[in-house]
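Now for the letters of each chain:
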Amino acid sequence: MNPRLPNSFRSGPDERGHFGNFGGRFVAETLMPLILDLEKAYAVAKADPAFHAEMNGYLKDYVGRPSPLYLAERLTEHLGGAKIYLKREELNHTGSHKVNNVLGQIMVARRMGKKRIIAETGAGQHGVATATLCARFGLECVVYMGAVDVARQAPNVFRMEMLGAKVVPVQSGTRTLKDAMNEALRDWVTNVHNTFYCIGTVAGPHPYPMMVRDFQSVIGEETRKQMQEAEGRLPDSLIACIGGGSNAMGLFHPFLDDPSVEIFGVEAAGHGLTQLHAASIAGGRPGVLHGNRTYLLMDDDGQIQDAHSISAGLDYPGIGPEHSWLHETGRVTYLSATDDEALAAFMLLSRLEGIPPALESAHAIAKVAELAPKRSKDHLMVVNLSGRGDKDIPQITEILKGRKQ
Amino acid sequence: MTTRIDARFADLAKEGRSALVTFLMAGDPDPATSLNIIKALPKAGADIIEIGMPFTDPMADGPSIQAAGLRALKGGMTLRKTLEMVRGFRKEDDSTPLVLMGYYNPIYIYGVDKFLTDAKVAGVDGLIIVDLPPEEDDELCIPALKAGLNFIRLATPTTDDKRLPAVLANTSGFVYYVSITGITGAAAADSKAVGDAVARIKRHTKLPVCVGFGIRTPQAARAIAEKANGAVVGTALVDALRDSLDTQGRATTKTVAAVADLVGSLAQGVRGAKQAAE
């Protein structure tokens, strides 16, 4: 199963953007020169202490970092096993982890002299974060969002417009996140001279998966330090939900070379893995889409299949390439949670801790509820609470109303 | 290695004219009609035929070609059936070059080696794969060249002189210059800019240069044919096909003729060009 384990799980990707067999740069020629420019600009920024100093300043005073590592006492007591800590990314400005990455990319865009920013969004969290930072830095912002998602994530659409962004509802294909990404790529091909594509997850052509991971790794780095302060040692397990997988990669990456730390990613199993779902690793196989090779949901002809998840942010038929590699090497275990499990977890955390999680993060909570009771009381479990549930309240109200009838 | 593409350009050079290159989606709106359309193209005046391989997520295509792909997929088109269509065409025509154009994933899933073998046997001459830049040449380009197929690369306005040699290195058959930064079916480039770009590419290669994106009319095809070795027309043909369908999106008795007639007038435009590019 694991033919060639690397010396380190943290050294990838190679210079061509490969994590093992995954990743790469599968894009149209029009975009290739810009992607090479971006790779250079990011390498220069990464090596520049002034870039990090400026970013850290904004992370502290604008985003509100560090986000707390909070011991969920009542959830721990209720489940009767592992000691559960929540990494409170939902307390960041804009309400999710997405802002960590957007801040980094906007700073790179500014260094490259780009004045127009485009983004794709599913749940709207990445769109809101992008609209927010574009407002802060006076940049033009266009957000592509599937028409289905525009309907089910209305509060975030209003927020983006209020922040001055133009939200374009995407009517092509399945009208969800993958189509929003197609449309953003079409915009980028057309406006390549002045436009920076701010990708919201650890996917797309190299250097995006690496760059987004680097910007999100602040989550795991803080967790390491905070757990050391709270318990004097490393956590025993980490859990995070995965659509493209940026909040998960941010939490996981700093711990990949600590073999004592068990790591779990949670995909969206939708109606169940034998029906419509969005679990690319559980139900897909390697293919090429949106600039990278990775696990994808597709048919025998290589046509991309519709994903389904109750959560717009996980409703994507692919996953970041580094996750595909971590799956194949066996370093990370990928599980899945259904729509119903996520809804139940949403209620559980709301009632026990007074914290309504985003439906995305609720998938991770669902697996905490399954795994924690099987662990001993001195087991330290960290779950990434990647976003807040406020945006989901209208949708959940509708679902619960429908069930009562 | 000489392919039908090389032979065709050699013949056209003798005639002193440029090529009309046509694009249509395989299986649009159904496999049988699509084969009939492709069979009608050489007689109507197409010199080189590009056949789109339908894909659910065509990232570089505009609404017309996206819709054509979805019509074809809805009609049950697959990569296997596209190759069958090529075999059907080759029963009657052994000289018109056929180029398959599309995205990598269906080929990757079919299996690269099996695809190249089957494509060569079916009578395919070249491939244009939009999402395989030179940085990914090991995937399909090098194996395709070894299998005796041309690998036709796209060059764009963002491909500068520094990058052109890398783009041209493993290109064969012809170079496809995308005249605008944008998706298929978008606005056309002006012919002066196209002429400059073609001249720039020709400083780096002896291969023929064909120009596409935004060419819709015989006049536009003629203007491009004066600057380049070929004019590629896709969206306009796909639109003519679409306009001939019934309200349920099915082919009508007018469908084949609608495409062939437009190809005929485009061919007149190309043949009326004052002189072909050197």
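The rules behind each value
Residues numbered from 1 in each chain as written. Chains lettered and ligands numbered in written order. Predicted model: local features only at pLDDT ≥ 70, side-chain atom pairs only at ≥ 80, totals over all residues. Heavy atoms only, no water. Helix = DSSP H or I, 4+ residues; strand = E, 2+ residues; numbered from the N terminus. Rg over C-alpha atoms; globule rule 2.2 N^0.38 Å. Contact = heavy atoms within 4.5 Å. Areas by Shrake-Rupley, 256 points an atom, 1.4 Å probe, with all protein chains shown as cover. Lys, Arg positive; Asp, Glu negative; His and termini not counted. Charge placed at Lys NZ, Arg CZ, Asp CG, Glu CD. UniProt positions renumbered as here; feature names shortened; annotations may be inferred. Buried area = accessible area lost by both parts, 1.4 Å probe. Salt bridge = Lys/Arg side-chain N within 4 Å of Asp/Glu carboxyl O. Polar contact = N/O pair within 3.5 Å; in protein donor to acceptor, adjacent residues only side chain to side chain. Nonpolar A, V, L, I, M, F, W, Y, C, P; charged D, E, K, R; others polar. Buried < 20%, exposed > 50% of the residue type's maximum accessible area, 1.4 Å probe, protein only. Pairing = 2+ DSSP bridges. Axes fitted to C-alpha atoms, helices over the stretch in contact; angles between N-to-C directions. Domains from an automatic or database assignment. Expected span 1.5 Å × (residues − 1). Left-handed = near helix turned anticlockwise from the far one by under 90°. Phe/Tyr/Trp six-rings, centres within 6.5 Å; stacked < 30°, edge-to-face > 60°. Lys NZ or Arg CZ within 6 Å of the ring centre and 35° of its normal. Core = buried A, V, L, I, M, F, W, Y, C linked by side-chain atoms within 4.5 Å.

K.L.:
Looking at this structure, how should I read the overall build of chain A?
P.N.:
Assigned secondary structure in chain A consists of 16 helices and 14 strands. Here the C-alpha atoms of chain A give a radius of gyration of 19 Å, agreeing with the 22 Å that 2.2 N^0.38 yields for 405 residues. Projecting the C-alpha coordinates of chain A onto the three principal axes gives extents of approximately 55 × 55 × 50 Å. A sequence separation of at least 24 residues applies to 74% of the contacts in chain A between residues at least 6 apart. Only carbon and sulfur atoms are counted for the fraction: they give 52% of the accessible area of chain A, which is about 14000 Å². Between the centroid of the 42 positive side chains of chain A and the centroid of its 46 negative side chains there is a distance of 3 Å.

K.L.:
I keep staring at the UniProt feature "modified residue: N6-(pyridoxal phosphate)lysine" (unreviewed entry) in chain A and nothing clicks. Help me out?
P.N.:
All names here are of chain A. Within this numbering scheme, the UniProt entry marks Lys98 as carrying the feature "modified residue: N6-(pyridoxal phosphate)lysine" (unreviewed entry). Following the sequence through the fold, Lys98 ends up in helix 4 (residues 98-111). Residues contacting Lys98, with those up to four places away along its chain left out, are Gln125, His126, Ala129, Gly200, Thr201, Gln216 and Ser246.

K.L.:
Explanation requested: the interface of chain B and chain A in the structure shown.
P.N.:
One frequently used descriptor of interface size is the decrease in accessible area upon assembly of the parts. Across the boundary between the two partners, chain B contributes 36 residues, which contact 39 residues of chain A. Carbon and sulfur atoms supply 51% of the area buried between chain B and chain A, which totals about 3000 Å² over both sides. When residues of chain B are sorted by the area they lose upon contact with chain A, Asp57, Met59 and Ile109 of chain B head the list and together hold 20% of the total. Scanning the region where chain B abuts chain A turns up four salt bridges. Taking the shortest distance from any N to any O, the salt bridge between Arg163 of chain B and Glu29 of chain A comes out at 2.7 Å. The tally of links from chain B across to chain A stands at 18 residue pairs in polar contact (both at pLDDT 80 or more). Those elements that place two or more of their residues in the side of chain B that touches chain A are helix 3 (63-74), helix 5 (104-110) and strand 6 (154-155) of chain B. Top contributing element to the side of chain B that touches chain A by residue count: helix 5 of chain B, with five residues. Each residue belonging to the side of chain B that touches chain A can be placed in one class, and the counts come to 19 nonpolar, nine polar and eight charged.

K.L.:
Sorry, what's going on with the pairing of strand 6 (residues 140-146) of chain A here?
P.N.:
A regular strand places its side chains on the two faces of the sheet in alternate fashion. Residues and elements named next belong to chain A. Among the seven residues of strand 6, six are classified as buried, and the element is accordingly described as predominantly covered. With five bridges connecting them, strand 6 and strand 7 (residues 166-170) associate as parallel partners. Bridge pairing in strand 7 places Val142 opposite Lys166.

K.L.:
Can you walk me through the sheet that holds strand 6 of chain A in this structure?
P.N.:
Strands in a sheet are paired, the pairing made by backbone hydrogen bonds, and the direction either parallel or antiparallel. Residue and element names in this part refer to chain A. Within the open sheet, the four strands sit side by side as 7-6-5-8. Their pairing is parallel. The open sheet terminates on both sides in strands that have one partner only, identified here as strand 7 and strand 8 (195-197). Neighbour to neighbour, the strand axes of the sheet diverge by 25° on average, direction disregarded.

K.L.:
Would you mind showing me how to read helix 9 (residues 208-216) of chain A here?
P.N.:
Note that an α-helix has 3.6 residues per turn; residues three or four places apart therefore point the same way. The buried fraction of helix 9 of chain A is high, at eight of nine residues. Of all the positions in helix 9 of chain A, only Tyr208, Pro209, Met210, Met211, Val212, Arg213, Phe215 and Gln216 of chain A are classed as buried.

K.L.:
I keep staring at the domain arrangement of chain A and nothing clicks. Help me out?
P.N.:
All names here are of chain A. You can read the domains of chain A as domain 1 (19-58 + 98-212) and domain 2 (66-95 + 217-404). Each partner contributes residues to the interface: domain 1 has 39 residues there, and domain 2 has 40 residues. Summed over both partners, the interface of domain 1 with domain 2 buries about 3100 Å², with 61% contributed by carbon and sulfur atoms. Between domain 1 and domain 2 we count one salt bridge in total.

K.L.:
I would appreciate a short explanation of the sheet that holds strand 1 (residues 18-19) of chain A in the present structure.
P.N.:
All names here are of chain A. On the basis of which strands lie adjacent, the open sheet formed by four strands has the order 1-2-12-11 and antiparallel pairing. Each edge of the open sheet carries a strand with a single partner, namely strand 1 and strand 11 (285-289). Here strand 2 (residues 22-26) runs beside strand 12 (residues 291-296); their pairing, made up of two bridges, is antiparallel. Residue pairing for strand 12: Phe26 is matched across the bridge by Gly291.

K.L.:
Mind showing me how you'd approach the UniProt feature "active site" (unreviewed entry) in chain B here?
P.N.:
Taking the UniProt record as the reference, the feature "active site" (unreviewed entry) is found at Glu50 and Asp61 of chain B. Structurally, Glu50 of chain B can be placed in strand 2 (residues 48-52). For Glu50 of chain B, a relative accessible area of 1% puts it in the buried group. Ignoring sequence-local partners within four residues, the contact set of Glu50 of chain B consists of Val21, Thr22, Phe23, Leu24, Val99, Met101, Ile128, Phe174, Tyr176 and Val232 of chain B. Turning to its location among the elements, Asp61 of chain B is positioned in the loop between strand 2 and helix 3. Discounting chain neighbours no more than four positions away, the residues touching Asp61 of chain B are Arg186 of chain A together with Gln66, Tyr103, Ile183 and Thr184 of chain B.

K.L.:
Help me understand helix 8 (residues 177-190) of chain A in this model?
P.N.:
Residues and elements named next belong to chain A. Given a rise of 1.5 Å per residue, 14 residues ought to cover 20 Å, and the 20 Å separating the end C-alpha atoms of helix 8 matches this to within 8%. The element helix 8 is extensively covered by neighbouring structure, given that 12 of its 14 residues are classed as buried. Taken together, the buried positions of helix 8 are Leu177, Lys178, Asp179, Ala180, Met181, Asn182, Ala184, Leu185, Arg186, Asp187, Trp188 and Val189.

K.L.:
What am I meant to see in the packing of helix 10 (residues 218-225) of chain B against helix 12 (residues 255-271) of chain B here?
P.N.:
The relative placement of two packed helices comes down to the angle between their axes together with the axis-to-axis distance. Residues and elements named next belong to chain B. Viewed as axis vectors pointing N to C, helix 10 and helix 12 meet at an angle of 35°, and their least axial separation amounts to 7 Å. Two packed elements cross with a definite hand, and for helix 10 against helix 12 that hand is right-handed. Between helix 10 and helix 12, the residues in contact are Pro218, Ala221, Arg222 and Ala225 and Ser265, Leu266, Gly269 and Val270, respectively.

K.L.:
Please explain the packing of aromatic side chains as it appears in this structure.
P.N.:
Centre distance and the angle of the planes are the two values used to describe a pair of aromatic rings. Residues and elements named next belong to chain A. Counted by the stated rule, this structure contains 14 aromatic pairs over all chains. Judged by centre distance (6.2 Å) and plane angle (80°), the rings of Trp188 and Tyr208 are edge-to-face. Note that Trp188 is positioned in helix 8 and Tyr208 in helix 9, a separation of 20 residues in sequence. One exposure class covers both Trp188 and Tyr208, and it is buried. One cation-aromatic arrangement involves Arg88 over Tyr70; the distance from NZ or CZ to the ring centre is 5.5 Å.

K.L.:
Would you mind showing me how to read the nonpolar core here?
P.N.:
Proteins that are soluble and globular tend to have nonpolar side chains buried together. With 162 residues, the main nonpolar core has Phe115, Leu127, Leu140 and Tyr176 of chain B as its most contacted residues. The residues contacting Phe115 of chain B, other than those within four sequence positions of it, are Met53, Leu79, Leu83, Leu100, Ile107, Tyr110 and Leu127 of chain B. Formed by 37 residues, the second largest nonpolar core is a distinct cluster that contains Leu86, Ala307, Leu352 and Val368 of chain A.

K.L.:
Help me understand unusual backbone geometry in this model?
P.N.:
The phi angle of most residues is negative, glycine excepted, and most peptide bonds adopt the trans form. All names here are of chain A. Geometrically, the link from Gly12 to Pro13 is a cis peptide bond, its omega value of 0° lying close to zero. Of note, the bond from His206 into Pro207 is cis; its omega dihedral lies within 30 degrees of zero at 10°. Checked against the element boundaries, Pro207 lands in the loop between strand 8 and helix 9. Even without being glycine, Thr94 reaches a positive phi, approximately 80°. Looking at where Thr94 falls in the secondary structure, it is placed in the loop between strand 4 (83-87) and helix 4. Its relative accessible area of 5% is what places Thr94 among the buried residues. Although it is not a glycine, His290 sits at a positive phi angle of roughly 55°. Locating His290 in the fold gives a position in the loop between strand 11 and strand 12. Judged by relative accessible area, which is 1%, His290 ranks as buried.

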